[in-house]
Each structure stands twice: as structure tokens, then as C-alpha cells.
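Fold and geometry: a report
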Amino acid sequence: MLGINIPENQMGNWKIEIDNGECSLVKVSMNQSIMKDCRYEYDTHKWLWENATGDILVAGLGIGFLNKELIDNHNFNSVTIIENSQDVIDLVWPYCARDSRFTLIKEDIETWNVPAGSHWDIGWFDSWISDNPLSYTGYISAMRNKYSSYCDKVGAWCIPYDISNSLVSS
Amino acid sequence: MITLYNAIAGSCAEDEANAGGGGTPPAGTTLNQLYFSDSATNGANAGCIISFFRNHTINSGPPNFTSTSGVGTNIVGLSAPTVTVVNSSTTKSAYTISATALSNFLIAAQQHPQFETAYIGIGAFLQFPNNSNTISSINSIRVTNANTNSSGLFLFNPAQLFGQSLEAPNFPQQNLLAIGNDTPRAGFTSNWGILGVGQITHTFTSNSAVDYTMLFDNTLRGGTISAGDVLTIEYEAEASGGGFIEVGNHIIEITLT
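Residues numbered from 1 in each chain as written. Chains lettered and ligands numbered in written order. Predicted model: local features only at pLDDT ≥ 70, side-chain atom pairs only at ≥ 80, totals over all residues. Heavy atoms only, no water.

Considerations on the overall build of chain B
- On a plain count of helices and strands, chain B comes out with two helices and 18 strands.
- Relative to its 257 residues, chain B shows a buried fraction of 56%.
- Within chain B, residue pairs in contact and separated by at least 24 positions form 71% of the contacts whose partners lie at least 6 positions apart.
- When the accessible area of chain B is evaluated, it comes to approximately 9,400 Å², of which 48% is carbon and sulfur surface. (Helix = DSSP H or I, 4+ residues; strand = E, 2+ residues; numbered from the N terminus. Buried < 20%, exposed > 50% of the residue type's maximum accessible area, 1.4 Å probe, protein only. Contact = heavy atoms within 4.5 Å. Areas by Shrake-Rupley, 256 points an atom, 1.4 Å probe, with all protein chains shown as cover.)

A few points about the interface of chain A and chain B
- Each partner contributes to the interface: chain A provides 32 residues, whereas chain B provides 29 residues.
- Interface area, chain A with chain B, both sides summed: about 2,500 Å², of which 61% is carbon and sulfur.
- It is R39(A), Y40(A) and Y161(A) in chain A that bury the most area against chain B; as a group they hold 26% of the surface buried on that side.
- Put simply, chain A and chain B have two salt bridges between them.
- For R221(B), the salt bridge is made with E41(A), and the minimal N-O distance between the two is 2.6 Å.
- For the pair chain A and chain B, the interface holds 10 residue pairs in polar contact (both at pLDDT 80 or more).
- Listing elements by their share of the side of chain A that touches chain B, those giving two or more residues are strand 4 (32-36), helix 1 (39-43) and helix 5 (136-147) of chain A.
- For the side of chain A that touches chain B, the per-class residue count stands at 17 nonpolar, nine polar and six charged. (Buried area = accessible area lost by both parts, 1.4 Å probe. Salt bridge = Lys/Arg side-chain N within 4 Å of Asp/Glu carboxyl O. Polar contact = N/O pair within 3.5 Å; in protein donor to acceptor, adjacent residues only side chain to side chain. Nonpolar A, V, L, I, M, F, W, Y, C, P; charged D, E, K, R; others polar.)

Observations concerning helix 1 (residues 99-111) of chain B
All names here are of chain B.
- Between the first and last C-alpha of helix 1 there are 18 Å, a value that for 13 residues agrees with the 18 Å anticipated at 1.5 Å per step.
- Within the sequence span of helix 1, burial applies to A99, L102, S103, F105, L106, A109 and Q110. Take helix 1 and look down its axis: the buried residues cluster within an arc of 160°, on one side only. Summarising the geometry of helix 1, the exposed residues directed more than 90 degrees from the buried face are T100 and Q111. (Expected span 1.5 Å × (residues − 1). Arc of directions from axis to C-beta.)

Concerning unusual backbone geometry
- Cis geometry marks the peptide bond from F171(B) to P172(B), where omega comes out at -10°.
- Inspection of the secondary structure assignment puts P172(B) in the loop between strand 11 (165-167) and strand 12 (175-176).
- Non-glycine residue N20(A) carries a positive phi angle of around 55°.
- You can see N20(A) is positioned in the loop between strand 2 (14-19) and strand 3 (22-27).
- Even without being a glycine, N31(A) presents a positive backbone phi close to 55°.
- Classification of N31(A) by relative accessible area gives exposed; the value is 66%.

A short note on the packing of aromatic side chains
- Taken as a whole, this structure holds 21 aromatic pairs over all chains when the rule is applied.
- Plain terms: the ring middles of F125(A) and Y147(A) are 5.0 Å apart, the flat faces sit at 40° to each other, and that makes the pair tilted. In this pair, F125(A) is assigned in strand 8 (residues 120-125) and Y147(A) in helix 5, connecting sequence segments 22 residues apart. A single burial state applies to F125(A) and to Y147(A), both of which are buried.
- Clustering of aromatic rings is evident, with ring pairs tying together Y40(A), W128(A), Y136(A), Y139(A), W157(A), Y161(A), F115(B), F154(B), F156(B), F162(B) and F216(B).
- For R101(A), the ring lying beneath its charged end belongs to F76(A), and the centroid distance is 4.0 Å.
- Above the ring of W157(A), the side-chain terminus of R221(B) is found at 4.1 Å from the ring centroid. (Phe/Tyr/Trp six-rings, centres within 6.5 Å; stacked < 30°, edge-to-face > 60°. Lys NZ or Arg CZ within 6 Å of the ring centre and 35° of its normal.)

A few points about empty space enclosed by the protein
- Applying the stated criterion across every chain, the model contains two cavities of 30 Å³ or more.
- What the largest cavity holds in volume is close to 60 Å³.
- Taken together, Y40(A), L106(B), A109(B), Q110(B), F115(B), E116(B), T117(B), A118(B), L215(B), F216(B) and D217(B) make up the full set of residues lining the largest cavity.
- Across the lining of the largest cavity, the residue classes tally to seven nonpolar, two polar and two charged.
- The space that makes up the second largest cavity amounts to roughly 40 Å³. (1 Å grid on protein atoms, 1.4 Å probe; cavity = no way out; pocket = protein on both sides within 12 Å on 5 of 7 lines; lining within 4 Å. Points joined across faces, edges and corners; volume = space filled by probe spheres on them.)

Here we look at the environment of I233(B)
Residues and elements named next belong to chain B.
- Along the chain, I233 falls in strand 17 (residues 230-241).
- As for I233 and K92, which are separated by 141 residues in sequence, their C-alpha atoms are 9.9 Å apart.
- Ignoring sequence-local partners within four residues, the contact set of I233 consists of I120, V143, N145, A146, L155, T213, H250, I251 and I252.

The analysis is restricted to geometry; functional conclusions fall outside its scope.
What follows is the structure, encoded as C-alpha cells:
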């Protein structure tokens, strides 16, 4: 869809494969694709495309899907990507679109000890996959609760709203 | 004979128990609180009117940028509800649909040129048994739960999760039956069921928190949509009248087959 071009390979529990011409990241133990270069992926990032500006925190590298779109069509200062799998980093980072504005940190977004004084204009949370012990709702709530104080706006995969300015805490 | 509620003179019959479905309430359970109904007739059956559809937003312009709802498509294959009484203040409308039909519905939404979202909303009339259906005020209508045990589906209700309410000018009122399948977005005008009728706006200040529930396909994050998966949405309403304050709950349960 965006023309993500990463060579097919497998490292540990992760595999890049081309499925009907679309680059796909597969978690081997699940035997499931967890991110694919397809239109549904683009559409479920809609909130990000509409709000991407300034300094951006991103949870999850995936296939580097948002890198290419941000570089091609958006104005921003920096993108900080948090990815907890060294295998995914080794599979994807050398080949995905990026420039000097992109920084990758190997950490788990759910447990990362955020450096004091950190601030981003927006946070984008897309590191949940279905084998997470948290439900997706639980993940979103956890990310909002943890990162709202660091990010002016908080968005998540599929969700069409800024979830930072809500009344309910869970 | 099954007593649904016993506070309305001359009104206690099993034909009031099974709106639209034919379910059987647990023996001995008596509804004695406000309840959701699919009819505006005083003392009518428990239940609600469900609107399960996919739709999108049309953005026009320039020079004048406006947004409008697209044309909704109702889901096909959803069963008639089986309405039961869960406890004295809670009723449930249970539906079934095949996992294949739901998956195909979500795929069709994704493949629509404007990318559609799947929504679930309800219309209802609030019956008020202990004061012969005379409601002086609706204190609140809320979505209290929207969840699923399916790894391949994600239910998102902004009201339940974030307290973000989407309400029409006449919200809340007793008769909130009218519901269409327009995209529920602030600024749009339609019949919105329990959100009311007219142009809807976002609010964070209401005692209520009510919105349509969105249904997303999580299979792209490794999940599966399978027979036996259950979608659950729960509503609560509170009303006052004649010295009574009554609270009633209604559960929408959709089981995949």
C-alpha cells in the first residue's frame, strides 16, 4: 500500500514475509501477521496522520509503516520509536524509511522508565498484539494513564480520538 | 405465568416478558425498576431496538469544507433477540450471528472506498413501573460496559472508556426509540436512539456518558474471530417520578456462532 520494502527473513520469533505483494511482519509463535502494508493499516492510523506534528513518541516499530508516510507527507521535528524486540529491530530498522529525525530505543513501552523531563507533542501507541495479557482496552487505558503527562495528545491504533483528555481513569 | 414486574395495576403477564424474542426470565424474578423497552406503550415489553451498521463520513470542499454521514449498511444475519430478565433491575437482549457473517461485514467496511466503521447503537423507551410510567426527569443514561472476549475484535465506546458523551439537544428523555444508521459524529443530525434526536455534540460535563459502540477488526494484530466469541454492551438509566428514583440496566449480548 505504501510500498514498504523489507527483505524476507526470519530472526527468532519474528519473520518478514511478502504476502500478495504486501510486506508483512509475522509472529512465528502465533503463526499470525501482526502488521501488514495494507490499506486497513493506513486507515486505522488515521488519527496519527491528522495529528502528526512536532515531537512524536511511537510505541512499536512494526514494519516501519508510519516512517514512510510521515517523511513523505508530514511536517514534524522528531520521532522516538520504542520497540522491545531486538529481532524486530534487526529485521526492520536497517531497511525501513528513516532520516536523522528518527530515534529508536529498545525498551518495552509498558515498563519503560521514561526519562525525567521528557515531553512529546503526541504519543502514538500501537504495540499491542493479541497475545498481550492486557485486553486492547486495558492496554489503551494503561498507555493513557502512563503517558498523558508526557504527551499533549495521545492516540492509539484504530481509535479516532485523542484519548488523553478524558474523565475516566481505569 | 411469569411476572416481569408487579407495580403496574393490571399488568403482569408473560407476554410482556419476551419482547421480540421469546426468552424466559429466571423463575421468580420480578422487575421492579425502570426498564428498557422497544415500545412506547405503557407497560410494554422489555427490550430495545438495535442498530448494527457500518458507515463512513463524507468530506466535501473546497471552498466550503463540510462533513456529512455516508449511507449506512445494516448488518445481515443478526438474529431476532431473546429477551430475558437477569435480575430485578436488569434485562438482556441476546442475539446471535455467525462469525463468518460478522467477519465479512467488517471486511466489507474496510474495503469500502471511504473506509467504514462498524457501529452498534440502541433505541429504547424507558418504562417506569413504580410510578405508572410517569417520569418527571431522566437523571442519567450511561454506557457502563462494552467488551468482548474475542481476540479478533475490539469494542470501543468513548463514553464507557473515556466519559466522552455524544448527545442530541433532547437528550435525555423517556422516548428514545427513533434510531437510524447514520455515522454518529458531532455536528451530524439524525435519529440517534438513546443519544436523542437532532444534531449531536460532544460533551464531558453531563452526568450521563453515552455513545454508540464501535467495533474494530483486531485480526491484523494477530487475533481471530471465532464461534463462541461474545460481544457485551451494557446500559444503565436512572429516572425520577412521583417520589421514586428508579435505576434499570439493559444488556446487549451478541454471541458468534
